Amino acid sequence: MLPSAEFQPRLRDGLIEFPVHHVRGGTSTGLVLWEPFAPREPELREELLRHLMGVPLSGTHPGNRQITGLGRGAPTSNKVFFADWETHAGAGRLVSTLAQLAGDHAAIDWSVNCGNLSSALPLWALDVGLASVAAGETADISIRNSNTGVISTGRIGRGADGALVRASIPGVDGEFPSVDLFLHHPVGAKTGQLLPTGQVVDRIDGRAVSCVDVAVPMVIALASDFGKTAHESLAELQSDHAFMSQLRDVWVAAGLRMGLRRRDGELMSADELARSETQPKVCIVGPPKGDGNIAVRYFTPQSLHASMAVSGGCCLAAAALIPGSVAWQVAKGLDAPSGEFADIEVAIENPAGILATTVVARECEGRLEVDSAAYRRTAQVLLRGHVPLYRASPQLIAALRP
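Bear in mind that the values here come from a model prediction, so they are computed numbers and not experimental data.

### Focus: the side chain of serine 77
Here comes step 1: Assignment of secondary structure puts serine 77 in the loop between α1 (42–53) and β4 (79–88).
Here comes step 2: A distance of 2.8 Å separates the side chain of serine 77 from the side chain of threonine 29, its partner in a polar contact.
Here comes step 3: Here serine 77 is in contact with Thr29, Met53, Gly71 and Arg72, once residues within four sequence places are set aside.

### Things to note about unusual backbone geometry
Here comes step 1: Proline 301 follows threonine 300 through a cis peptide bond whose omega is 0 degrees.
Here comes step 2: Along the chain, the position of proline 301 falls in the loop between β15 (294–299) and α7 (310–319).
Here comes step 3: Even without being a glycine, aspartate 13 presents a positive backbone phi close to 55 degrees.
Here comes step 4: Along the chain, aspartate 13 falls in the loop between β1 (10–12) and β2 (15–25).
Here comes step 5: Look at aspartate 13 and you get exposed, because its relative accessible area is 75%.
Here comes step 6: You will see that aspartate 205, though not glycine, has its phi angle at about 55 degrees, which is positive.
Here comes step 7: Given a relative accessible area of 53%, aspartate 205 falls into the exposed group.

### A short note on helix α3 (residues 121–128)
Here comes step 1: By the criterion of burial, α3 is predominantly enclosed, with 7 of the 8 residues buried.
Here comes step 2: Within the span of α3, buried status applies to Leu121, Pro122, Leu123, Trp124, Ala125, Leu126 and Val128.
Here comes step 3: Just past α3, the residue glycine 129 takes up positive phi, approximately 90 degrees.

### Focus: the pairing of strand β7 (residues 138–145)
Here comes step 1: Residues of β7 alternate between two faces, with Ala139, Ile141, Ile143 and Asn145 buried on one and Thr138, Asp140, Ser142 and Arg144 left unburied on the opposite face.
Here comes step 2: As defined by bridge partners, strand β5 (residues 91–102) adjoins β7 across 3 bridges and the pair is classed as parallel. Within β7, the position partnered with serine 96 by the bridge is asparagine 145.
Here comes step 3: Remark: 5 residues form the turn of the hairpin made by β7 and strand β8 (residues 151–157), two consecutive strands paired antiparallel; glycine 149 in that turn has positive phi of roughly 85 degrees.

### As for the packing of aromatic side chains
Here comes step 1: Using the criterion set out here, one finds 4 aromatic pairs in the structure.
Here comes step 2: Here phenylalanine 226 and phenylalanine 243 contribute two aromatic rings whose centre-to-centre distance is 5.5 Å and whose plane-to-plane angle is 90 degrees, an arrangement assigned as edge-to-face. Here phenylalanine 243 lies in helix α5 (residues 241–258) and phenylalanine 226 lies in the loop between β13 (216–222) and α4 (234–238), a separation of 17 residues in the sequence.
Here comes step 3: For the ring pair phenylalanine 243 and phenylalanine 299, a centre distance of 6.1 Å and an interplane angle of 55 degrees mean the geometry is tilted.

### What about the environment of alanine 167?
Here comes step 1: Structurally, alanine 167 is set in strand β9 (residues 166–167).
Here comes step 2: C-alpha separation for the pair alanine 167 and leucine 101, spaced 66 residues apart in sequence, amounts to 29 Å.
Here comes step 3: Once residues lying within four places of it in the same chain are set aside, the contact partners of alanine 167 are Gly174, Glu175, Phe176, Ser178, Arg376 and Thr378.

### Points about the environment of alanine 270
Here comes step 1: Along the polypeptide, alanine 270 turns up in helix α6 (residues 270–275).
Here comes step 2: With a relative accessible area of 33%, alanine 270 lands in the partly exposed category.
Here comes step 3: Each C-alpha atom, one on alanine 270 and one on valine 252, is 5.9 Å from the other, the two residues being 18 residues apart in sequence.
Here comes step 4: Contact partners of alanine 270, with chain neighbours within four places excluded, come to Val252 and Leu256.

### Here's the deal with α7
Here comes step 1: The buried count for α7 comes to 9 of 10 residues, which makes it a mostly enclosed element.
Here comes step 2: Inspection of α7 places Val310, Gly312, Gly313, Cys314, Cys315, Leu316, Ala317, Ala318 and Ala319 among the buried residues, and these make up the whole buried set.

### Digging into the pattern of salt bridges
Opposite charge on two side chains permits pairing when their charged atoms draw close.
Here comes step 1: For the structure shown, the criterion picks out 14 salt bridges.
Here comes step 2: Among the ionic pairs, glutamate 86 bridges to arginine 93, the shortest N-O distance being 2.6 Å.
Here comes step 3: One salt bridge connects arginine 262 with glutamate 272, and the closest N-O pair in it is separated by 3.2 Å. Of this pair, arginine 262 sits in the loop between α5 and α6 while glutamate 272 sits in helix α6; the two residues are 10 residues apart in sequence, bridging distant segments of the chain.
Here comes step 4: Accessibility expressed as a relative area gives 33% for arginine 262, which makes it partly exposed.
Here comes step 5: Within this structure, Glu86, Arg93 and Arg144 form a network of salt bridges that share partners.

Calculation notes
- Residues numbered from 1 in each chain as written.
- Predicted model: local features only at pLDDT ≥ 70, side-chain atom pairs only at ≥ 80, totals over all residues.
- Heavy atoms only, no water.
- Helix = DSSP H or I, 4+ residues; strand = E, 2+ residues; numbered from the N terminus.
- Polar contact = N/O pair within 3.5 Å; in protein donor to acceptor, adjacent residues only side chain to side chain.
- Contact = heavy atoms within 4.5 Å.
- Buried < 20%, exposed > 50% of the residue type's maximum accessible area, 1.4 Å probe, protein only.
- Pairing = 2+ DSSP bridges.
- Phe/Tyr/Trp six-rings, centres within 6.5 Å; stacked < 30°, edge-to-face > 60°.
- Salt bridge = Lys/Arg side-chain N within 4 Å of Asp/Glu carboxyl O.

This is the structure we're talking about:
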């Protein structure tokens, strides 16, 4: 299935112009490109991305402001999805491939996915005519991410008047089209287990923690065990060096108990865990003060997150449904899982507001079973059009010529 001529490459005034959708998904911005129109050769595909986003064509350029492209400097605004359509088990679904760029160098990371920008894909599918949703109904659009193999479903709907249902989220001013992104079978994403240590609660340095693996492996600690409330400002926590040191000791010990591994499959050492920028995720939790069910301050782990990462939110939401867990101990107003899979909404108070999540779970023989977990994002098409490739190589021109 190919889009109309409106979304195809074209030759104009002697220049190749490539079709793009500039989009926002959650708190990330970037491009969505139709993969069938991109070059097959990896080196030409990467050249195309560098032109579109305004990053160096080779090497590094410290301080590059990306004024020749559509990138915006921060990693959250230097993302590009290639999107395609495939048939699986008799039904159509999107295939997404993420390229993560950086403003000051030419290297491109193809190893990750982006949960935030993924929420723009259902809106893009509607915009180009790959999917449709009638007034008063919702559409579930399946997405297979080729970087990670993760399968998700984006739910988008229209009101009775035909307008897309809107919502607001922390970190984005105003209401925009709402997308609920469901992560399927998220339990044991890294360790293969809901509770990687085999315990609902572990004691580390005299502090209670729950180690849970849903979408991401995370160490959940009681804020009160550190003399905190989980309502502190970012500056207050980051400037408390004693607290940060104590928290690091806890996540290192917990990471060792969880059996976290490097990409090559080897177990991570204490030193590697102490330096890791990606795992385990860490948070401190406390009772809510507002309309949420639980309060959190979330670390990735070296840095305190300004709000709450969506994958971490799914993990914390699931943890709050595990009887006896640290999150369960402080959560308020949550429905208990029944014997049948059902949606349970968990509202997470964080520095930017409330992250709305949904866990599809049930209780089975005293254990929590999670079928999927969803988070609510909003999306918008910032622009749609063609980008002239002024400096394209002859090889790229030949590969893209209509």
